[in-house]
Amino acid sequence: MSIVTVQLGQCGNQIGQELFNVISNDTHSSCGQCPKTENEAYSVCSQERFFSEGRNGAVSARAVLVDMEPKVISHAISTAAKSGRWKYGDQSSFCQKQGSGNNWANGFCVHGPRHEEDIMDLIRREVEKCDRLGGFFNMMSMAGGTGSGMGTYITQCLRGTYPHSFILNQVTWPYGTGEVIVQNYNSVLTLSHLYQSSDAILVHENDTVHKICAQLMNIKQISFKDVNKVIAHQLGSVLQPAYTEGASEYNRNPLGDLMKSMVCHPEYKLLGLRNIPQMSEASLAYSVFTWPGLLKHLRQMLIANAKMEEGVDWQVRPPADGLPLAEKGTRNRRFNTSLANLLILRGKDVQSADTGGFMDPALYTSWLPPGVASSTWRTPMSFNRYEKSATLVSNSQFLLKPLDGIVGKAWNMFASRAYVHQYTQFGISEEDFLDSFTALEQIIASYTHL
């Protein structure tokens, strides 16, 4: 099945271009450790999922690019064309001359309705190129105006037009120190509205990715391109083909399989990503990894809610199985309780990897058995030059602290009515703000009581 990617705003378009680059490079760079039939099956599945082939043999990304300013889209299109392996479709982008001014209401209430017909027409054309539609993958930031406001509006339009298709939103969480003065308002409005229309929300925190660039990739002067490459690598490690448990063919419906594994209840839609190893190319050449070592690190990262393998707190332990829920929370407040976990293992000797540590009942909420809450996908194909790599998609309490922080900051601003007039002038009322705060407080309460 094919996935139609919708790249929204500056952030969504930059990460989207890097993602297709990672996927294309990975598909074309086999390490030679698998038989030819395996390589071909992997390549064909990836191609069907992310690219379409024109009559002239040109390979185009199954993507629609949307921004209210032309600069970023023009750069993404030209960069893709220069790769020589893939490009964006000739009629797959929509842009205007005027941005949304980092105002969620401007994107959601003005630009969205005004340009809905043109954008949805582009998406419809991309859908019609698919033999079988697996769903939509929307990429956007939470802090700005076009990506967050218009991205939320287009997500709602997709839900209305394609009610039975899966929709996964990848959102980039803003830096804690602040990129935009109203980023907390934009984030609250984005998350609360996406919860109503998206099947799952995959979150990348800029602060975490920045640390990965600095501490693991050893990059001295970190640019947005460096950050976007790390995010794209993590996304590719989830979206590229893998075998679900017991399957003899690559999973044909990746978004459906992901939702089945990760989202068992509509109250819990927030997904986080951990991927190891991640390092500079120079270090990679001198590094050797074992499956027991990788999985031990990844399990402790989950337990201690560590976002990368460096600096993991090894003192955090799961609570003793059988404790009452209230006692579990008070015994070990640093412990990260999970609702569901999906392990994706790629590379050499992948069938020998023992994933039993992720079946421990103590890792999960009491109302789901580990057999339902834990899943594993595998493929002997290495990913993006890593001989062995492990990715963990987690539906857990990982976002409680940042979510509570962003809601608290937004509420403090709203209590003094700071900048509220900038939203009401475009059609977002104070009651809309209050509804959004209420929705997120409910989500925080639900995850807190896992």
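Reading the values: rules and limits
- Residues numbered from 1 in each chain as written.
- Predicted model: local features only at pLDDT ≥ 70, side-chain atom pairs only at ≥ 80, totals over all residues.
- Heavy atoms only, no water.
- UniProt positions renumbered as here; feature names shortened; annotations may be inferred.
- Helix = DSSP H or I, 4+ residues; strand = E, 2+ residues; numbered from the N terminus.
- Rg over C-alpha atoms; globule rule 2.2 N^0.38 Å.
- Buried < 20%, exposed > 50% of the residue type's maximum accessible area, 1.4 Å probe, protein only.
- Contact = heavy atoms within 4.5 Å.
- Areas by Shrake-Rupley, 256 points an atom, 1.4 Å probe, with all protein chains shown as cover.
- 1 Å grid on protein atoms, 1.4 Å probe; cavity = no way out; pocket = protein on both sides within 12 Å on 5 of 7 lines; lining within 4 Å.
- Points joined across faces, edges and corners; volume = space filled by probe spheres on them.
- Core = buried A, V, L, I, M, F, W, Y, C linked by side-chain atoms within 4.5 Å.
- Phe/Tyr/Trp six-rings, centres within 6.5 Å; stacked < 30°, edge-to-face > 60°.
- Lys NZ or Arg CZ within 6 Å of the ring centre and 35° of its normal.
- Arc of directions from axis to C-beta.
- Salt bridge = Lys/Arg side-chain N within 4 Å of Asp/Glu carboxyl O.
- Pairing = 2+ DSSP bridges.
- Axes fitted to C-alpha atoms, helices over the stretch in contact; angles between N-to-C directions.

As recorded in an unreviewed UniProt entry, the protein chain goes by the name Tubulin delta chain, listed as coming from Polyodon spathula. According to the UniProt record, the Sequence similarities (unreviewed entry) comment for the protein chain reads "Belongs to the tubulin family." As stated in UniProt under Function (unreviewed entry), the record for the protein chain gives "Acts as a positive regulator of hedgehog signaling and regulates ciliary function."

**Q** Please set out the overall build of the protein chain residue by residue, giving values where relevant.
**A** Across its full length, the protein chain holds 16 helices and 13 strands. Expected size for 450 residues packed as a compact globule is a radius of gyration near 22 Å; at 21 Å, the protein chain falls within 12% of this value. Oriented by its inertia axes, the alpha-carbon framework of the protein chain measures out at about 65 × 60 × 45 Å. Here the protein chain, with 450 residues, has 58% of them falling under the buried criterion. For the protein chain, contacts bridging at least 24 residues in sequence account for 81% of all contacts bridging at least 6. In the form shown here, the protein chain has an accessible surface area of approximately 18,600 Å², with 50% of it arising from carbon and sulfur atoms.

**Q** Please provide a residue-by-residue account of the layout of surface pockets, values included.
**A** Empty space within the second largest pocket amounts to approximately 540 Å³. If you list the elements that add at least two residues to the lining of the second largest pocket, you get α1 (9-28), α3 (70-82), α5 (146-161) and α8 (224-239). In terms of residue count, the dominant contributor to the lining of the second largest pocket is α1 (six residues).

**Q** How would you summarise the nonpolar core if you had to cite specific residues and measurements?
**A** Ile123, Leu158, Tyr185, Leu270, Leu403, Tyr423 and Phe433 are the most contacted members of the largest nonpolar core, which totals 84 residues. Sort the elements by how many residues they give to this core and helix α4 (residues 104-128) lands first, with eight residues. With 56 residues, the next largest nonpolar core counts Ile73, Ala200, Leu255 and Leu258 among its residues.

**Q** So what about the packing of aromatic side chains? Which residues, and what values?
**A** Scanning all chains against the criterion turns up 19 aromatic pairs. Measuring from centroid to centroid gives 5.6 Å for phenylalanine 20 and tryptophan 86, while their planes differ by 40 degrees, and the two rings are tilted. Placement of phenylalanine 20 in helix α1 and of tryptophan 86 in the loop between α3 and β5 (87-88) is noted, with a sequence separation of 66 residues between them. For the ring pair tyrosine 42 and tyrosine 250, a centre distance of 5.8 Å and an interplane angle of 70 degrees mean the geometry is edge-to-face. Remark: tyrosine 250 occurs in the loop between α8 and α9 (254-262) and tyrosine 42 occurs in helix α2 (residues 36-50); sequence separation between them is 208 residues. Linked through ring pairs, Tyr185, Trp411, Phe414, Tyr423, Phe433 and Phe437 together constitute an aromatic cluster. Taking NZ or CZ as reference, lysine 269 lies 5.7 Å from the ring centre of tyrosine 195, over its face. Sitting above the plane of the phenylalanine 383 ring, arginine 346 keeps its charged end 5.8 Å from the centroid.

**Q** Tell me what's going on with empty space enclosed by the protein, and back it up with residues and numbers.
**A** Scanning the entire structure with this criterion turns up three cavities of 30 Å³ or more. Of the pockets and cavities examined, the largest cavity occupies roughly 130 Å³. Those elements giving two or more residues to the lining of the largest cavity turn out to be β9 (200-205), α7 (206-216) and β10 (270-276).

**Q** Outline α7, listing residues and values.
**A** When α7 is considered as a whole, its buried residues turn out to be Asn206, Thr208, Val209, Ile212, Cys213 and Leu216. Buried residues of α7, viewed axially, fall in a sector of 170 degrees; they line one side. Positive phi shows up at asparagine 218, right after α7, with a value of about 55 degrees.

**Q** Break down the pattern of salt bridges for me, with residues and values.
**A** In total, this model carries 13 salt bridges according to the counting rule given. Salt bridges sharing partners connect three or more residues here, namely Asp121, Arg124, Arg125 and Glu128.

**Q** For the pairing of β10, give the residues involved together with the corresponding values.
**A** Along β10, seven of the seven residues are buried, which leaves the element largely enclosed by surrounding structure. Burial along β10 is two-sided: the face carrying Leu270, Gly272, Arg274 and Ile276 and the face carrying Leu271, Leu273 and Asn275 are both buried. Two strands pair when backbone bridges link them, and β9 and β10 are joined in this way by two bridges, in the parallel orientation. Within the sheet, the bridge partner assigned to isoleucine 201 lies in β10 and is leucine 270.

**Q** Report on unusual backbone geometry, specifying residues and quantitative values.
**A** A cis geometry characterises the amide bond from isoleucine 276 onward to proline 277, with omega recorded as -5 degrees. By the element assignment, proline 277 lies in the loop between β10 and α10 (281-284). A positive phi angle, near 55 degrees, is found at asparagine 218, a position not held by glycine. Note on placement: asparagine 218 falls in the loop between α7 and α8. Judged by its relative accessible area of 42%, asparagine 218 falls in the partly exposed class. Its identity is not glycine, yet aspartate 349 carries a phi of approximately 55 degrees, on the positive side.

**Q** Describe the sheet that holds strand β4 (residues 63-67), listing the residues and the values that go with them.
**A** Ordered in space as β6-β4-β1-β7-β8-β9-β10-β13-β11-β12, the 10 strands form an open sheet in which the pairing is mixed. The open sheet has two edge strands, β6 (93-95) and β12 (374-379), and neither has a second partner. Ignoring which end each strand starts from, the neighbouring axes of this sheet average 20 degrees apart. Sheet topology places strand β7 (residues 133-141) next to strand β8 (residues 166-173); seven bridges connect them, and they run parallel. Bridge assignment links phenylalanine 136 to a residue of β8, and that residue is isoleucine 167. Each of β1 (2-8), β4, β7 and β8 touches α1; the most contacted strand, β1, lies at about 140 degrees to it. Across the sheet, α3 touches β4 and β6, and the angle it forms with β4 is around 150 degrees.

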